[in-house]
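Architecture at a glance
One letter stands for each residue in the lines below.
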Amino acid sequence: MLFRSRDNRPPVILYDYGTWGTDGRILASGRNPDGASVVAWINSDGNLNEMVYNASANGLWMGWAVERPNGDIVALGAPGAGNSALAIYNMNGTALTLPIGGGFPQRVVWSPDVDAVLVEVNGQRFVAGLDGQIIDITAQTAGAVVNWIQ
């Protein structure tokens, strides 16, 4: 039998969101395969490496988690099931901002230094910072494609 590496697919990892950590692990967030909302480090084979924050156990939903350059982790989250406006949270379950926009985001992009996040909600665009500031940039960016540059 001929062995072809292309025939061996990597495992499907069932979390809502994921980003690569600096050490090769995956920072997964949102619902896990059991339906609980978590922030967790998982290995590339899909196995849990470290539970960072069990959001469901604390009455929260969290997604779009990212690792900051200093190793801290932040995510977007909200009380309940994650179908409303989201705020930036730390991994103690503390909201760092008020809810951003008027509903669940359609697009989320963290800044390269992970000090701020661009959130698009129902045609509006907001930049929210870890300092708690939220700026509506909709009028200044009307019709433009908005992305961070490094």
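In the block above lies the structure referred to throughout.
Reference entry: report on the structure contained in this document. Here the structure is a predicted model, which means the values were calculated and not measured.

**Some points on the sheet that holds strand 2 (residues 26–31)**
- Spatially, 1-2-3-4 is the arrangement adopted by the four strands of the open sheet, whose pairing is antiparallel. A strand with exactly one partner marks an edge of an open sheet, and here the two such strands are strand 1 (17–20) and strand 4 (48–53). Direction aside, the axes of adjacent strands within the sheet are offset by 25° on average.
- Sheet topology note: the strand 3 (residues 37–42)/strand 4 ladder contains four bridges and is antiparallel. Following the sheet pairing, Ala40 is matched in strand 4 by Met51.

**Thoughts on the pairing of strand 10 (residues 124–129)**
- With respect to burial, strand 10 is a largely interior element, five of its six residues being buried.
- When strand 9 (residues 116–121) meets strand 10, the two strands line up antiparallel, connected through six bridges. Bridge pairing links Glu120 to Arg125 in strand 10.
- With antiparallel pairing between neighbouring strands as the criterion, strand 9 and strand 10 make up a hairpin whose turn holds two residues, including Asn122 at a positive phi of roughly 50°.
- The hairpin turn running from strand 10 into strand 11 (residues 134–136), its antiparallel successor, is four residues long, and Gly132 in that turn takes a positive phi close to 95°.

**A closer look at the pairing of strand 6 (residues 73–79)**
- Of all the seven residues making up strand 6, six are buried; the element is thus mostly covered by neighbouring parts of the structure.
- Turn length for the strand 5 (residues 60–67)-strand 6 hairpin, with the two strands adjacent in sequence and antiparallel, is five residues, and the turn residue Gly71 shows positive phi of about 95°.
- Sheet topology note: the strand 6/strand 7 (residues 87–90) ladder contains four bridges and is antiparallel. Across the sheet, the residue bridging to Val74 is Asn90, located in strand 7.

**Some remarks on the nonpolar core**
- Grouped together as the largest cluster of nonpolar side chains are 17 residues, with contacts concentrated most on Trp64, Leu76, Ile88, Ile100, Trp110 and Val117.
- Counting residues per element, the ones that place at least two in this core are strand 5, strand 6, strand 8 (107–110), strand 9 and strand 10.
- Counting residues in hydrophobic clusters, the runner-up holds 13 residues, among them Trp41, Ala65, Ala75 and Tyr89.

**Quick notes on the packing of aromatic side chains**
- Counted according to the given criterion, the structure contains five aromatic pairs.
- On the basis of an interplanar angle of 65° and a centroid distance of 5.6 Å, the ring pair of Trp61 and Phe104 is categorised as edge-to-face. Of the two residues, Trp61 is situated in strand 5 and Phe104 in the loop between strand 7 and strand 8; the sequence distance between them amounts to 43 residues.
- Take Phe104: its relative accessible area is 25%, and that puts it in the partly exposed class.
- By way of ring pairs, the aromatic residues Tyr17, Trp61, Trp64 and Phe104 are connected into one cluster.

**Focus on the pattern of salt bridges**
- As enumerated under the stated definition, the model contains six salt bridges in all.
- With a shortest N-O distance of 3.3 Å, Asp16 and Arg31 are connected by a salt bridge. On the criterion of sequence distance, the pair formed by Asp16 in the segment before strand 1 and Arg31 in strand 2 is long-range, its members being 15 residues apart.
- Here Glu120 ties to Arg107 by a salt bridge, and the two come within 2.8 Å at their closest N and O atoms. A residue pair is termed long-range when its members are at least 10 positions apart, and Glu120 in strand 9 and Arg107 in strand 8 qualify at 13 residues.
- Owing to a relative accessible area of 17%, Glu120 belongs among the buried residues under this scheme.
- Three or more residues are tied together by salt bridges with common partners; here these are Asp23, Arg25 and Glu50.

The rules we used
- Residue indices begin from 1 for each chain and proceed along its sequence in written order.
- Predicted model: local features are reported for residues with pLDDT of at least 70 only, side-chain atom pairs are reported and counted for 80 or more only, and whole-chain, interface and lining totals are derived from all residues.
- For side-chain calculations, the full set of non-hydrogen atoms in the structure is used, while hydrogens and water are omitted.
- Strand pairing follows a simple DSSP-based rule, namely that at least 2 bridges must link the two strands.
- Strands are runs of DSSP state E lasting at least 2 residues, helices are runs of H or I lasting at least 4, and numbering of each runs from the N terminus.
- In this description, a line fitted to the C-alpha atoms serves as the axis of each element, helices being fitted only across the stretch in contact, and the angle between N-to-C directions of two axes falls anywhere from 0 to 180 degrees.
- Each residue is assigned to one of three classes by its accessible area relative to the maximum for its type, calculated with a 1.4 Å probe on protein chains only: buried under 20%, partly exposed between the two thresholds, exposed over 50%.
- Put simply, buried Ala, Val, Leu, Ile, Met, Phe, Trp, Tyr and Cys residues joined by side-chain atoms within 4.5 Å make one nonpolar core.
- Any two rings among Phe, Tyr and Trp, with Trp reduced to its six-membered ring, count as a pair given centres within 6.5 Å; such a pair is stacked if its planes are under 30 degrees apart, edge-to-face if over 60, and tilted if neither.
- What makes a salt bridge here is a side-chain nitrogen of Lys or Arg within 4 Å of a carboxyl oxygen of Asp or Glu, nothing more.

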